[in-house]
Amino acid sequence: MRTATKLLIGLSVFGVTVGTVYWFVTYEWTGSVLLWSFSLTPLIVALFALKHGWMRAAEPEDDPSASSATLAGEDLGAFPTATAWPEFLVLGVIATGASLIYGLIMLVVGVPLLAWAVIGLARESRS
Amino acid sequence: MTTTAGRVVPSPEPAPPAHRLGPVERLTSTDHKNIGVLYCVTAFLFFLVGGALAGVIRLELAEPGRILANETYNGLFTIHGTVMIFLFVAPFGAGLANYFVPLQIGAPDMAFPRLNLLSYWFFAGGGALILLSGFASAGGGAAMGWTAYPPLSGLAHSPGVGPDLWILGLAMVAVSSLMTAVNLLTTVFLMRTAAMTMWRLPIFTWNMVVVAILGLVAFPPAVAGLSLLLIDRRLGGHAFDPLGGGDPAIYQHLFWFLGHPEVYILILPFFGVITEIIPVFSRKPLFGYTGFVMATVAIGALSVGVWAHHMFVTGVVDNPFFAAMTLLIAVPTGVKFFNWTGSMWGGRIWFTTPMLFAIGFLLNFLIGGVTGILLAAPALDYQLSDSYFVVAHFHYTMVGGAVFGIFAAIYFWFPKVTGAMLREKLGRIVFGLLFVGFNVTFWPQFVLGQRGLPRRYVDYPPDVGFDAPNLVSSLGYVVMAAGVIAFLVDVWISLRTRVPAGDDPWGGYSLEWATTSPPPEQNFVSMPPIRSERPAFDLRHPEARP
């Protein structure tokens, strides 16, 4: 994670620097806020990495001399093999979004479908 | 349904044959390889639609005179642009990343398989809405250009429901891209196999890391802009309405803050693809691995600071700032060209179809890049803005670059995905038709732009220098279309009468070539040791291992 964290912090510093230079060159708000916001996204991920990765001892994936036997058999958790909930969720999103275009009547279809799919997806991911 | 995933325990047993998926399984399986194939096939279908629309546009423009109504023509180029950018090139890159990034880093799957499938369905659903917006909407389709600038995209000038469906569809595609970005970053940062350090990542994977970060940064402002546009249209908002205190230039800022990084979101995956291909077929390691990675990161970072070079002629942006930032991008891009030519220099070059497409990419993209430098100069941009010169420049980067990269990727990785080879002779014919057809189509458009033909015009006056270049350009389209048909024939023949590819037909370098073709469930039966950025090469040549 160290290289990744450094990359993210570097991008964040670049965003702050360019945003600040842009502000003093132009005094234009929209672009300045966009550039400062550019620095925020990698910073959020970097802070997460700093909390969870940076302080840990070097992981096998960061150790250039580690062998594949180091990680052999490591449990990566339960992975789903199939799910149909995303299809229903997207149909729900489309129907709900279409209420802005075709009228609130679309919510009658969209909201229950969306709620059903979100609950189904959440329950499936816990099983 | 779930399965437990773990790191590979070395096994002397051969990999079990890959399970053939039925239609329902194909649409619901969360295996990253299946989702990658779904992305690529869907994106290619969108390409065929977008290409057919381009054919109608070229038919209209082949000679002076009118075949189409104004609104029909406007709708055609709106949907053509949207489909090609957001539904073909970008998702094809996402599809390749889905399939190959876990393989290249030695992971059994993507970090969030359900989110991965959800991303695909957001893309497919959004894409369907975008197509509907052009052709099946009451009261008028989306016909405001793929940039949808207000006030043209406002309710007064685009009153039908088409633009609303277009906005909703594009917002869904943007959300899909965000979910894919989160998934890719988590996968690469946390699921690499032992000794696969960041400085040993294959270049394709490195490029996808930068693309994912760009996506996280650039898509949210665009979704905000699209949402405000929809609120203006349907809920009486005034965000972009000057009479209500709004400012249409803010939409341009929000759109192009996505729009220009989007150019690199589109092209960087294929920079990665040809960087996988060129060293393999030059029989050399990549020249300047570290410099290449740094150049990719520099391109990604700088691309966020150049959005307003699309707004030079608005008069509301600081032209020198954006001109300087844009010119700076030429430096890391130039570094990449040194890397590519340096990798070929002195190598035993094997001119296979993937390599031909990679070389075609270099030649075309060089022209696209150099003309981009011309457009980065505000004085020239004022003359050329909104002319066919811009159309030609853009297509040299996106078709000559990204689409050639897509064909290079297909010919390179088809054996890994299907276990069968594409036909080499037919592949060379495909390359020849596409390369000649592409240049015959788009080179004359530079001439048209210099002569002053504006883009997005349905007709032009005869005998003022626009006739011949337009006719040549339309004939070039026919040659390109023949190339695409030949490609489809190649795929059909190769899948019907399979020539087994073996696990590593090219002598590849990265980890996907160290597993079976197609790869088994959870990708690997045994994991080779990772000692450099070329683990598959190290496996074949233990004597050369560092």
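As the structure is a computational prediction, the values presented were derived from the model and not from experiment. (Residues numbered from 1 in each chain as written. Chains lettered and ligands numbered in written order. Predicted model: local features only at pLDDT ≥ 70, side-chain atom pairs only at ≥ 80, totals over all residues.)

1. Remarks on the overall build of chain B
Secondary structure assignment for chain B yields 15 helices and one strand. Against the 2.2 N^0.38 benchmark of 24 Å for 546 residues, chain B shows a C-alpha radius of gyration of 23 Å, consistent with a compact globule. Structurally, chain B occupies a C-alpha span of about 70 × 50 × 45 Å along its principal axes. Counting across all 546 residues of chain B, residues that qualify as buried make up 58%. Across chain B, contacts joining residues at least 24 apart in sequence account for 82% of those joining residues at least 6 apart. (Helix = DSSP H or I, 4+ residues; strand = E, 2+ residues; numbered from the N terminus. Rg over C-alpha atoms; globule rule 2.2 N^0.38 Å. Buried ≥ 20, exposed ≤ 12 C-beta atoms within 10 Å, placed from the backbone. Contact = placed C-beta atoms within 7 Å.)

2. Topic: the overall build of chain A
When you go through chain A residue by residue, the secondary structure sums to five helices and one strand. Relative to the compact-globule value of 14 Å for 127 residues, chain A shows a C-alpha radius of gyration of 23 Å, a clear excess of over 25%. Long-range contacts, defined as pairs at least 24 residues apart, comprise 51% of the intrachain contacts of chain A with a sequence gap of at least 6.

3. Things to note about the nonpolar core
Judged by nonpolar contacts, the single largest core of 211 residues is most densely connected at Ile277 and Ala408 of chain B. Ranked by residues supplied to this core, first place goes to helix α12 (residues 388-418) of chain B with 22 residues. The residues that make up this core include at least three from each of domain 1 (2-59) and domain 2 (85-126) of chain A. (Core = buried A, V, L, I, M, F, W, Y, C linked by C-beta atoms within 7 Å. Domains from an automatic or database assignment.)

4. A look at the interface of chain A and chain B
Contacts between the two partners involve 53 residues from chain A, matched on the other side by 57 residues from chain B. For the side of chain A that touches chain B, the secondary-structure elements that each account for two or more residues are α1 (2-26), α2 (29-54), α3 (68-71), β1 (75-80), α4 (85-102) and α5 (105-126) of chain A. When its residues are assigned to classes, the side of chain A that touches chain B shows 32 nonpolar, 15 polar and six charged. (Nonpolar A, V, L, I, M, F, W, Y, C, P; charged D, E, K, R; others polar.)

5. Side note on unusual backbone geometry
All names here are of chain B. Across the junction of Pro150 and Pro151, the peptide omega takes the value 10°, indicating a cis bond. Locating Pro151 in the fold gives a position in the loop between α4 (113-135) and α5 (162-190). Backbone torsion omega between Ser517 and Pro518 reads -10°, so that peptide bond is classified as cis. Its location among the elements puts Pro518 in the loop between α14 (467-496) and α15 (535-540). For Ala195, which is not a glycine, the phi torsion comes out positive at approximately 70°.

6. Observations concerning the environment of Val108 of chain A
Mapped onto the secondary structure, Val108 of chain A falls in helix α5. Note: C-alpha distance between Val108 of chain A and Arg2 of chain A (106 residues apart in sequence) is 49 Å.

7. A closer look at the domain arrangement of chain A
Domain annotation of chain A identifies domain 1 (2-59) and domain 2 (85-126). The centre of domain 1 of chain A, based on its C-alpha atoms, is set 35 Å off from the matching centre of domain 2 of chain A.

8. As for α14 of chain B
Within an α-helix, residues lying three or four positions from one another point in the same direction, as the helix has 3.6 residues per turn. Residue and element names in this part refer to chain B. If you check α14, its first and last C-alpha atoms are 44 Å apart, about what 30 residues at 1.5 Å a residue would give, namely 44 Å. Taken together, the buried positions of α14 are Pro469, Asn470, Ser473, Ser474, Gly476, Tyr477, Met480, Gly483, Phe487, Asp490 and Ser494. At its buried positions, α14 is contacted by α2 (32-61) and α13 (424-450). (Expected span 1.5 Å × (residues − 1).)

9. Some points on the packing of α4 of chain A against α5 of chain A
All names here are of chain A. Where α4 meets α5, the closest approach of the two axes is 7 Å, and the angle between their N-to-C directions is 155°. Comparing the axis directions of α4 and α5 gives the class roughly antiparallel. For the pair α4 and α5, the crossing hand works out as left-handed. Of the residues that constitute the contact of α4 with α5, the class distribution is 18 nonpolar, five polar and one charged. (Axes fitted to C-alpha atoms, helices over the stretch in contact; angles between N-to-C directions. Parallel < 35°, antiparallel > 145°, perpendicular 65-115°, else oblique. Left-handed = near helix turned anticlockwise from the far one by under 90°.)

10. So, the packing of helix α3 (residues 70-105) of chain B against helix α7 (residues 248-282) of chain B
The relative placement of two packed helices is expressed as an angle between their axes plus a distance between the axes. Residue and element names in this part refer to chain B. At a minimum axis distance of 9 Å, the contact between α3 and α7 shows a crossing angle of 40°. Classified by the interaxial angle, the pair formed by α3 and α7 is oblique. Handedness of the α3/α7 crossing: left-handed. On α7, the residues that touch Ile85, Val89, Ala90, Gly93, Leu96 and Ala97 of α3 are Ile265, Leu266, Pro269 and Phe270.

11. Comments concerning the environment of Trp350 of chain B
Residues and elements named next belong to chain B. Looking at the secondary structure, you find Trp350 in the loop between α9 (319-344) and α10 (353-376). With 13 C-beta atoms packed within 10 Å, Trp350 lands in the partly exposed category. It is 40 Å that separates the C-alpha atoms of Trp350 and Ala324, two residues lying 26 residues apart in sequence. With residues near it in sequence (within four places) discarded, Trp350 still touches Phe281 and Met355.

12. Looking at the confidence of the model for chain A
In the predicted model, chain A carries a mean pLDDT of 88, and 94% of its residues have values of at least 70. Highest mean pLDDT in chain A belongs to α4 of chain A (95); lowest belongs to α3 of chain A (71). (pLDDT = per-residue confidence, 0-100.)

13. So, the confidence of the model for chain B
Confidence in the prediction of chain B, expressed as mean pLDDT, is 93, and 96% of residues score 70 or more. ipTM for the predicted complex: 0.93, alongside a pTM of 0.95.

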